[in-house]
Amino acid sequence: MALFLIRLSKKKFSFDIMKLNEAPDSKGWLLAVVISVIAITVTTIVWGGFKPVQEYNGIVKFIFQNIYYLFEAALILLTIAFGQKIGETLIKRGSLPYGGIFLALTWGLIHILLQGSLTGVYAFFMSILYGIVYILLKKNIRYSYMMMVIIFIL
């Protein structure tokens, strides 16, 4: 699905998500790392311990869980990238994390409705952080994906 959406956005809307934007500067990287540490700390608190340790239930399940996370992170990043593009196009202010807000209003809100307030608020909060990381890393899809996978798994 991710590859289909990437191809469709390039072909139909001339929006090449895979086009490498400029590399993030040192300030952007530093802030992205700080936000990632905050996100991992929040995850550790919510999970009642370090997430990979809490989720461990045998090596096979652990491997497949993390493969699943790689795919889920890709879809989350696409949601952020498309949401950011829509926000910038409609509102014309590129510094706000429209993608994170869009993700929070979809993924986060669904978690609130289906899994309860704590999980939902957590997903909502993490969505905003993912969107901020995307902006800080200059909307560079490769760096953003790498950072989101780290946050998501840890």
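Refer to the structure printed above.
Note on numbering: residues in each chain are counted from 1, in written sequence order. Residues qualify for local features only when their pLDDT is at least 70, as the model is predicted, and side-chain atom pairs are given and counted only at 80 or more; totals for whole chains, interfaces and linings, by contrast, use all residues. For side-chain calculations, the full set of non-hydrogen atoms in the structure is used, while hydrogens and water are omitted.

Engineer: Please clarify how the packing of helix α4 (residues 59-91) against helix α6 (residues 117-136) should be interpreted in this entry.
Structural biologist: The angle between the axes and the distance between the axes are what describe a pair of packed helices. With their axes 10 Å apart at the nearest point, α4 and α6 run at an angle of 70° to one another. On the basis of the axis angle, α4 is roughly perpendicular to α6. Between α4 and α6 lies a crossing of right-handed hand. Residue-level contacts link Ile76, Leu77, Ile80, Ala81 and Gln84 of α4 to Tyr130, Gly131, Tyr134 and Ile135 of α6. Only Asp, Glu, Lys and Arg are considered charged in this grouping, and only Ala, Val, Leu, Ile, Met, Phe, Trp, Tyr, Cys and Pro are considered nonpolar; every other residue, Gly among them, is considered polar. Across the contact of α4 with α6, the residue classes tally to seven nonpolar, two polar and no charged. As a rule, the C-alpha atoms of each element are fitted with a line to give its axis, helices using only the stretch in contact, and angles between N-to-C directions run from 0 to 180 degrees. Secondary structure follows DSSP: runs of H or I at least 4 residues long count as helices, runs of E at least 2 residues long count as strands, and numbering of each begins at the N terminus. Throughout, the term roughly parallel applies to angles under 35 degrees, roughly antiparallel to angles over 145, roughly perpendicular to angles from 65 to 115, and oblique to all others. The crossing is said to be left-handed when, going from far helix to near helix, the turn is anticlockwise and less than a right angle, and right-handed when the turn is clockwise. Whether two residues are in contact is decided by their heavy atoms, any of which lying within 4.5 Å being enough.

Engineer: Help me out: how do you make sense of the packing of α4 against helix α5 (residues 98-115) in this one?
Structural biologist: The N-to-C vectors of α4 and α5 enclose an angle of 120°; their axes lie 6 Å apart at closest approach. It follows that α4 is oblique to α5 by the angle criterion. In this structure, the crossing between α4 and α5 has a hand that is right-handed. Where α4 abuts α5, its residues Glu72, Ile76, Thr79, Ile80, Gly83, Gln84, Gly87, Glu88 and Ile91 lie against Tyr98, Gly99, Gly100, Phe102, Leu103, Thr106 and Trp107.

Engineer: Teacher, can you tell me more about a nonpolar patch on the surface here?
Structural biologist: Only residues whose relative accessible area exceeds 30% and that form no salt bridge are eligible for patches; like-charged ones are grouped when within 9 Å, while nonpolar side chains (Val, Leu, Ile, Met, Phe, Trp, Tyr) are grouped when within 5 Å. Method for areas: the Shrake-Rupley scheme with a 1.4 Å probe, in which residue coverage is limited to the protein chains shown. One side-chain nitrogen of Lys or Arg within 4 Å of one carboxyl oxygen of Asp or Glu is enough to make a salt bridge. A surface patch of nonpolar side chains, amounting to about 820 Å² of accessible area, comprises Tyr56, Ile59, Val60, Ile63, Phe64, Ile67, Leu70 and Phe71. Note on Tyr56: relative accessible area 46%, which makes it partly exposed. Each residue is placed in one exposure class: buried if its accessible area under a 1.4 Å probe, protein chains only, is under 20% of its type's maximum, exposed if it is over 50%, and partly exposed if it falls in between.

Engineer: Where do I start with the nonpolar core in this structure?
Structural biologist: A general feature of soluble globular proteins is that nonpolar side chains tend to end up buried together. Residues grouped as a nonpolar core are buried Ala, Val, Leu, Ile, Met, Phe, Trp, Tyr and Cys residues, joined through side-chain atoms within 4.5 Å. If you look at the biggest cluster of nonpolar residues, it comprises 31 residues, and the most contacted ones within it are Ile76, Ile80, Trp107, Met126, Tyr130, Val133 and Ile151. Looking at this core, the elements with two or more residues in it are α2 (26-47), α4, α5, α6 and α7 (141-153). For this core, the leading source of residues is α6, giving eight residues. Setting aside chain neighbours within four positions, we find Met126 in contact with Ala39, Thr43 and Ile151.

Engineer: Can you walk me through the side chain of Lys51 in this structure?
Structural biologist: Topologically, Lys51 is positioned in helix α3 (residues 51-55). For the purpose of charge, His is not counted, nor are the chain termini; Lys and Arg are scored as positive and Asp and Glu as negative. Within the buried core, Lys51 has no salt-bridge partner, and the shortest N-O distance to an opposite charge, that of Glu55, equals 4.7 Å. In contact with Lys51, not counting residues within four places along its chain, are Thr43, Tyr69, Phe152, Ile153 and Leu154.

Engineer: Would you take a moment to explain the environment of Tyr134 for this structure?
Structural biologist: Summarising the element assignment, Tyr134 is placed in helix α6. Overall, Tyr134 belongs to the buried group, its relative accessible area being 4%. Placed 35 residues apart in sequence, Tyr134 and Gly99 show a C-alpha to C-alpha distance of 8.4 Å. Ignoring anything within four residues of it in the chain, the contact list for Tyr134 reads Leu77, Ile80, Ala81, Gln84, Lys139, Ser144 and Met148.

Engineer: Explanation requested: the pattern of salt bridges in the structure shown.
Structural biologist: A side chain of one charge can pair with a side chain of the opposite charge when the charged atoms of the two come close. Under the defined criterion, the tally for this structure stands at two salt bridges. The salt bridge partner of Lys10 is Asp16, with a shortest N-O separation of 3.9 Å. Lys139 is the salt-bridge partner of Glu88, the closest N and O atoms lying 2.7 Å from each other. Here the residue Glu88 occupies a position in helix α4, and Lys139 occupies one in the loop between α6 and α7, the gap between them amounting to 51 residues. Looking at Lys139, the relative accessible area reads 25%, which means it is partly exposed.

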